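Structural overview
Here's the letter readout for the chains.
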Amino acid sequence: MRILVTGVKGQLGHDVVNEMVKRGLEPVGVDLEEMDITDAGACRKVITESKVDAVIHCAAYTAVDAAEDNVDVCRKVNADGTRNIAEVCRDLDIKMMYISTDYVFDGQGTRPWEPDDQRHPLNVYGQTKYEGELAVEELVKKFFIVRIAWVFGVNGKNFIKTMLRIGKERGAATVVDDQIGSPTYTHDLARLLVDMIQTEKYGRYHATNEGLCSWYEFACEIFRQAGMDQVKVTPVPTSGYPASKAKRPMNSRISKEKLTENGFERLPDWKDAVGRYLKEITW
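Residues numbered from 1 in each chain as written. Predicted model: local features only at pLDDT ≥ 70, side-chain atom pairs only at ≥ 80, totals over all residues. Heavy atoms only, no water.

This part takes up the sheet that holds strand β1 (residues 2-6). In space, the six strands of this open sheet follow the order β2-β1-β3-β4-β5-β10, with parallel pairing throughout. Unpaired on one side and paired on the other, β2 (26-30) and β10 (203-206) mark the two borders of the sheet. With direction set aside, neighbouring strand axes in the sheet form an average angle of 20 degrees. As defined by bridge partners, β1 adjoins β2 across five bridges and the pair is classed as parallel. Bridge pairing in β2 places threonine 6 opposite valine 30. Sheet strands in contact with helix α4 (residues 71-92) are β1, β3 (54-57) and β4 (95-101), and its direction is about 165 degrees off that of β4. (Pairing = 2+ DSSP bridges. Helix = DSSP H or I, 4+ residues; strand = E, 2+ residues; numbered from the N terminus. Axes fitted to C-alpha atoms, helices over the stretch in contact; angles between N-to-C directions. Contact = heavy atoms within 4.5 Å.)

All right, on to the packing of helix α6 (residues 159-170) against helix α8 (residues 215-225) then. In contact at an axis separation of 10 Å, α6 and α8 are set at 65 degrees when each is read in the N-to-C sense. Where α6 crosses over α8, the handedness of that crossing is right-handed. Residues Phe159, Ile160, Met163, Leu164 and Gly167 of α6 touch α8, and the partners they reach there are Trp215, Phe218, Ala219, Ile222 and Phe223. Tallied by class, the residues present in the contact of α6 with α8 amount to nine nonpolar, one polar and no charged. (Left-handed = near helix turned anticlockwise from the far one by under 90°. Nonpolar A, V, L, I, M, F, W, Y, C, P; charged D, E, K, R; others polar.)

Further remarks concern the packing of aromatic side chains. Under the criterion given, the structure shown has 14 aromatic pairs. Every member of this aromatic cluster is reached through a ring pair, and the members are Trp150, Phe152, Phe159, Tyr185, Trp215, Phe218, Trp270 and Tyr277. One cation-aromatic arrangement involves lysine 201 over phenylalanine 264; the distance from NZ or CZ to the ring centre is 5.5 Å. The cationic tip of lysine 258 hangs over the ring face of tyrosine 205; the distance from NZ or CZ to the ring centre is 4.9 Å. (Phe/Tyr/Trp six-rings, centres within 6.5 Å; stacked < 30°, edge-to-face > 60°. Lys NZ or Arg CZ within 6 Å of the ring centre and 35° of its normal.)

Laid out in structure tokens, this is it:
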């Protein structure tokens, strides 16, 4: 199977391509230099000439706070760029997998979000990813929408790398303790996505590592497993944290029952994932 993967320089795109190579599949990895997703003509040319069976669309504008001041750029990438790809997938009648986010929900309550729940984004990033979802649903017959959250991978910046750096530099960290979700290791997620794209079990899904925590608990576990118990971690409510431009969801619990129902293997526990990840990176 030949699959085009966007955002190959990012955390997830990088791991998806590696997972495909491991399985003897044919990845066509692209990033901005090979295919500017905001250019409809470039998308049509590259995808058509690549003669692929599917597209896994990982590329996105993910600077959540910066998006509040750069609405047009964020929309051009996340909404318009996704529509450009979706139009080509429709015309070629090929599968499209769109990687989305828990930020399409409003983050209220404590119940895990179901894949078909109403979407009410809190910020510009979430709104533009929602618009991307709508484009895929409107245009593509053979689509997967996979919402992910709290992502960390070898190839890029993430919360774990930030905590390790702050812990070393300052010996202390202040972390919010009232936003709840599940960390997601891109190495584990890539396996699931490659499993899924080879099926016809289309629709909306949620995928994170198993288990729940707050960002504070996530930070404590990182330092524990890294042998940095001397780092003092102070919990604070979101209301007491220096104001960030974008509003964050408090409830990022997402239901993964649909994975089980469709015979997909769920991801390992997030603490297990943190341990494996720390062995992969230099810090």
